[in-house]
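A closer look at the structure
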Amino acid sequence: MEQNNKNISRRKAIKYLGLGVIAAAGGYTLAKSSLFGDKIKKEVEDGTLKMATRTDKATGKEVSLLGYGCMRFPTYDTGEKDQRGRAIKAIDMEQSQILIDYAYANGINYYDTAYNYHGGKSGEAIGKFLSKYPRESYFLANKMPTWLIDSPDKPKQLFEEQLTKCGVEYFDYYLLHALSSQEAYDKAYEENKGYEYLLKEKEAGRIKRLGFSFHGDEAFFDYMLNKHEWDFVLLQINYIDWKEQNAEYFYNELEKRGIPCMIMEPLKGGSLANLTPDANEILKSVNPDDSIASWAFRYAGSLPSVLTVLSGMTKMEHLKDNLSTFKNFKPLSEQEREALAKAIEEFNRFKQIGCTDCKYCMPCRFGVDIPAIFAAYNKCVKESNIPDLSAPRDSKFDKKKKAFLATYKNMVPEGARADKCIDCGRCKPMCPQKLDIPKLITDIKKLVKELED
Ligand code: SF4
Ligand code: SF4
């Protein structure tokens, strides 16, 4: 198995986390014994602490650094099924209203919805939740569904529908949604005149600030920034994607041009709410009372050009944990950045194998149970139980070795283990995930042999 043993020096570690950096998202499971310390909890609940804000320089208005993503409200099962037989869920309006009221009372003033969230019901829901508050006391963001613009009259039709659903007369922030290719952008916004229409709405005051959310490559990003003037951009930024998805490039381009940045996926789909036990331990040793998720939010919020960090908070515990981070907000210190760099290095040391258990590679004519071997390996990665062969043979190593071999032997029957592989290569072209199965199996075979010798 390939070990990602980048020995990040102290200086490199800081660079990895973003040079010059001073400091939203999915539902997730909080991986900590205490949500947050009693002192902080009391200060959050009695209103002593103030929500961190950033100023949108163009409007002079203060935007809460924590924004509410409206794509993951609590839901309930309606008992009905869709055409594919999947359970149809509806927004739990009562529980969601409680969350929004709590968020609003604690200083969150940015709410981000989109045409397609919750099967098209999110806009209507957030409009209703916020209708009891003065319109000028919060910012409502919505997005044009790029993929639905197939004619020049579509943008107007969709935009009017969104205003009606949300029950508002204007959107504070409005985005071209999910731009991933120049071809799709050109078709929707140039050929079908989506951009021209939205610009007119901005001039008419029904859009206060116009931007886009982005999932494309560097060339397309440059194209977008050069094509028109933008008031802000919504980017996927977190401490893994900073390097792996080149978020660093996108963010720096915005900073250079003085364009405010909004952040989505600060927790990378929830995966940064709980790293591996060894990586968690590094962070806990620095801030024992802080959640693992709070490191990801502080990382995102420490970037100076960021206006707001979105989080889709499904449960009150998510909301309270995030409030404890953003009220009393502290950018990551140098010492914390060093700890985070070490935790990332540890987290990346052994990567899980992207096997989806589809079994297209099976059967192996030599009896190797490929998906079972990968599942055993992945379990050990998640539990920090892959012994590092370059590490000293101490008690920690022995503990991992024992746990790894036990898991491997429990999950993969004798006769189906990696030692039966003859590296014939027949399985490789069968894998839709493009895994180099023979190499991965050979690496595991070598690891097991080394541990057993
Ligand atoms: S390479 Fe190994 S696992 Fe793949 S088919 Fe051949 S023997 Fe089986
Ligand atoms: S084909 Fe690839 S993804 Fe599917 S079970 Fe085999 S290794 Fe896993």
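Before reading further, recall that the structure is shown in the block above.
What you are looking at is a predicted structure, and each value in this text was computed from that prediction instead of being measured.

Attention now goes to empty space enclosed by the protein. There is about 90 Å³ of room inside the largest cavity. No other element matches the 3 residues that helix H15 (residues 370–382) contributes to the lining of the largest cavity. Here the second largest cavity is characterised by a volume of approximately 60 Å³. Taken together, Thr113, Ala114, Tyr115, Gly120, Gly123, Asn142, Gln162, Lys165 and Cys166 make up the full set of residues lining the second largest cavity. Ranked by the residues each element gives to the lining of the second largest cavity, the list is headed by helix H5 (residues 154–166), at 3 residues. Here the lining of the second largest cavity is built from residues that sort into 3 nonpolar, 5 polar and 1 charged.

For the rest of this paragraph, the subject is the site of ligand 1. Taken together, Cys364, Phe366, Val368, Ile370, Cys421, Ile422, Asp423, Cys424, Gly425, Cys427 and Pro438 form the complete shell of residues around ligand 1. Within the shell around ligand 1, the residues separate by chemical class into 9 nonpolar, 1 polar and 1 charged.

Attention shifts here to the sheet that holds strand S7 (residues 139–144). The strand order S3-S6-S7-S8-S9-S10-S11-S12 describes a closed barrel built from 8 strands, whose pairing is parallel. Each strand of the sheet is rotated relative to its neighbour by a mean of 30°, with strand direction disregarded. Strands S7, strand S8 (171–179) and strand S9 (207–214) of the sheet are contacted by H5, whose axis makes an angle of about 150° with S7.

With that settled, the discussion passes to the pairing of strand S12 (residues 306–311). Counted residue by residue, S12 has 6 buried out of 6 residues, so it is predominantly covered. Looking at chain direction, strand S3 (residues 66–69) and S12 are connected through 3 bridges and run parallel. The partner of leucine 66 across the bridge, within S12, is valine 309. As judged from the 3 bridges shared by strand S11 (residues 261–264) and S12, these two strands associate in the parallel manner. Paired with isoleucine 263 across the strands is valine 309, a residue of S12.

This part is about the nonpolar core. Ranked by internal contacts, the top residues of the largest apolar core, which has 87 residues, are Tyr68, Ile108, Tyr111, Tyr189, Leu198, Phe212 and Ile237. For this core, the leading source of residues is helix H12 (residues 292–301), giving 7 residues. If we ignore the near neighbours within four places in the chain, the residues touching tyrosine 111 are Tyr68, Cys70, Ile100, Ala103, Tyr104, Ile126, Leu130, Tyr138, Phe139, Leu140 and Ala141. Within the second largest apolar cluster, 31 residues are counted, among which are Ile386, Val412, Cys421 and Ile441.

Quick look at the packing of aromatic side chains now. Tallied over the full model, the rule gives 29 aromatic pairs. When the centroid spacing of 5.1 Å and the interplanar angle of 80° are considered together, the rings of phenylalanine 159 and tyrosine 174 count as edge-to-face. Here tyrosine 174 lies in strand S8 and phenylalanine 159 lies in helix H5, a separation of 15 residues in the sequence. For the pair phenylalanine 159 and tyrosine 174, one class covers both residues: buried. With 6.1 Å between their ring centres and 75° between their planes, phenylalanine 159 and tyrosine 197 make a pair best called edge-to-face. Note that phenylalanine 159 is positioned in helix H5 and tyrosine 197 in helix H7 (residues 194–204), a separation of 38 residues in sequence. With a relative accessible area of 0%, phenylalanine 159 lands in the buried category. Judged by its relative accessible area of 14%, tyrosine 197 is buried. Members of the aromatic cluster, connected to one another through ring pairs, are Tyr185, Tyr189, Tyr195, Phe212, Phe214, Phe220, Phe221, Tyr223, Trp230, Tyr249 and Phe250. One Lys or Arg, lysine 208, reaches over the ring of tyrosine 170 and ends 4.6 Å from the middle of that ring.

Quick look at the site of ligand 2 now. Surveying the vicinity of ligand 2 reveals 13 residues, the closest of which are Cys355, Cys358, Lys359, Cys361 and Cys431. Spatially, ligand 2 is embedded in the largest cavity. Here the residues of the shell around ligand 2 are counted per class, giving 9 nonpolar, 2 polar and 2 charged.

Before going further, it helps to spend a moment on the environment of aspartate 186. Along the chain, aspartate 186 falls in helix H6 (residues 182–191). With a relative accessible area of 17%, aspartate 186 lands in the buried category. Not counting the four nearest positions on each side in its chain, aspartate 186 is found in contact with Glu191 and Tyr223. Among the polar contacts listed, one links the side chain of aspartate 186 to the side chain of tyrosine 223, at a separation of 2.6 Å.

A few words now on H15. When the terminal C-alpha atoms of H15 are compared, their 19 Å separation across 13 residues agrees well with the 18 Å that a helix rising 1.5 Å per residue should span. Across the 13 residues that make up H15, a large majority, 10, are buried. By the burial criterion, the buried members of H15 are Ile370, Pro371, Ala372, Ile373, Phe374, Ala376, Tyr377, Asn378, Cys380 and Val381. Residues of H15 that are buried in the fold lie against helix H16 (395–411) and helix H17 (437–452). Residue serine 384 follows H15 closely and has a positive phi angle near 55°.

Let's shift gears to the pattern of salt bridges. For the coordinates displayed, the defined rule picks out 28 salt bridges. Residues lysine 268 and aspartate 241 are paired through a salt bridge, measuring 2.8 Å at the closest nitrogen-oxygen approach. With lysine 268 in the loop between S11 and helix H11 (277–286) and aspartate 241 in helix H9 (residues 241–244), this pair connects stretches of sequence that are 27 residues apart. For lysine 420, the salt bridge goes to aspartate 419, with nearest N and O atoms at 4.0 Å. What emerges from the salt-bridge pattern is a single network uniting Asp56, Lys202, Arg209 and Asp231.

Orientation of H6 relative to H7, taken along the N-to-C sense of each, is 50°, at an axis distance of 4 Å. In terms of orientation, H6 and H7 fall into the oblique class. On H7, the residues that touch Tyr185, Ala188, Tyr189 and Glu190 of H6 are Gly194, Tyr195, Glu196 and Leu198. Tallied by class, the residues present in the contact of H6 with H7 amount to 5 nonpolar, 1 polar and 2 charged.

Basis of the calculations
Residues numbered from 1 in each chain as written. Chains lettered and ligands numbered in written order. Predicted model: local features only at pLDDT ≥ 70, side-chain atom pairs only at ≥ 80, totals over all residues. Heavy atoms only, no water. 1 Å grid on protein atoms, 1.4 Å probe; cavity = no way out; pocket = protein on both sides within 12 Å on 5 of 7 lines; lining within 4 Å. Points joined across faces, edges and corners; volume = space filled by probe spheres on them. Helix = DSSP H or I, 4+ residues; strand = E, 2+ residues; numbered from the N terminus. Nonpolar A, V, L, I, M, F, W, Y, C, P; charged D, E, K, R; others polar. Near = heavy atom within 4 Å. Pairing = 2+ DSSP bridges. Axes fitted to C-alpha atoms, helices over the stretch in contact; angles between N-to-C directions. Contact = heavy atoms within 4.5 Å. Buried < 20%, exposed > 50% of the residue type's maximum accessible area, 1.4 Å probe, protein only. Core = buried A, V, L, I, M, F, W, Y, C linked by side-chain atoms within 4.5 Å. Phe/Tyr/Trp six-rings, centres within 6.5 Å; stacked < 30°, edge-to-face > 60°. Lys NZ or Arg CZ within 6 Å of the ring centre and 35° of its normal. Sits in = over half its atoms within 2 Å of the grid points. Polar contact = N/O pair within 3.5 Å; in protein donor to acceptor, adjacent residues only side chain to side chain. Expected span 1.5 Å × (residues − 1). Salt bridge = Lys/Arg side-chain N within 4 Å of Asp/Glu carboxyl O. Parallel < 35°, antiparallel > 145°, perpendicular 65-115°, else oblique.

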